[in-house]
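# Coordinates in review
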Amino acid sequence: MEIFNDANRPVYVAVDENDSVMGYAFCIKKKQPFSTNMVPFDSLFIDDLCVDQNIRGKHVGQKIFEHVKEEAKKMGCYEVTLNVWEGNDIARRFYEKMGMVPKETQMEFILK
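Starting from 1, residues in each chain are numbered consecutively following that chain's sequence as written. Only residues with pLDDT of at least 70 get local features here, since the model is predicted, and only at 80 or more are side-chain atom pairs given and counted; chain-wide, interface and lining totals rely on the full set of residues. Excluded from the side-chain calculation are hydrogens and water; included are all heavy atoms of the structure.

Each aromatic ring pair is summarised here by two numbers: the centre-to-centre distance and the angle between the ring planes. Aromatic pairing here means that ring centres of Phe, Tyr or Trp (its six-membered ring) are within 6.5 Å. Orientation follows from the plane angle: under 30 degrees is stacked, over 60 is edge-to-face, and everything else is tilted. Evaluation of the coordinates by the stated rule reveals four aromatic pairs. Between the aromatic rings of Phe65 and Tyr95, the centroid separation amounts to 6.2 Å while the plane-to-plane angle is 55°, which identifies the pairing as tilted. Highlighted residues: Phe65 in helix H1 (residues 60–74) and Tyr95 in helix H2 (residues 89–97), separated in sequence by 30 residues. By relative accessible area, which is 2% here, Phe65 ends up buried. Classification of Tyr95 by relative accessible area gives buried; the value is 11%. By the criteria applied, helices consist of DSSP H or I runs no shorter than four residues and strands consist of E runs no shorter than two, each listed in order from the N terminus. Burial classes follow relative accessibility: with a 1.4 Å probe on protein chains only, a residue under 20% of its type's maximum area counts as buried, one over 50% as exposed, and anything between as partly exposed.

A separate point is the sheet that holds strand E3 (residues 41–51). One open sheet accounts for four strands, arranged E1-E2-E3-E4; its pairing is mixed. Each having just a single partner strand, strand E1 (11–15) and strand E4 (79–82) make up the two edges of the open sheet. Here the strands of the sheet are splayed against their neighbours by 30° on average, with no regard to which way each runs. We call two residues in contact whenever any of their non-hydrogen atoms come within 4.5 Å of each other. Each axis is a line fitted through C-alpha atoms, taken for helices only over the stretch in contact, and angles between the N-to-C directions span 0 to 180 degrees. Packing of H1 onto the sheet brings it into contact with E1, strand E2 (21–32), E3 and E4, and relative to E3 it is tilted by some 160°. The pairing criterion is simple: DSSP has to find at least two bridges between the two strands.

We now examine the side chain of Gln32. As for its position among the elements, Gln32 is in strand E2. On the basis of relative accessible area, Gln32 is assigned to the buried category, the value being 13%. Not counting residues within four places of it along the chain, the set of residues in contact with Gln32 comprises Val39, Pro40, Phe41, Ser43 and Glu79.

Here's what the structure looks like:
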């Protein structure tokens, strides 16, 4: 697949001793900011981080997140970012436990 050949879209996979997938993180390296009045920098965006529901609570997500941070540093990134859906309190608490803080809030108005 094309995504696995793109250095700006790294995928990190956690496997057990039998090479069974326990979890993964799909990431995208982005140029920031989108504004022309700020100093540019690189950011590693976690597009999707998932852990097999049968092994949640065993720190696999934490290990994946820590690995993503290490890789982002190696890539010269200034930050690691992600989006959390409003109402997904479990994910939000997990990321806050990992040291993440809100950066911005995106709002919507549904047109009917």
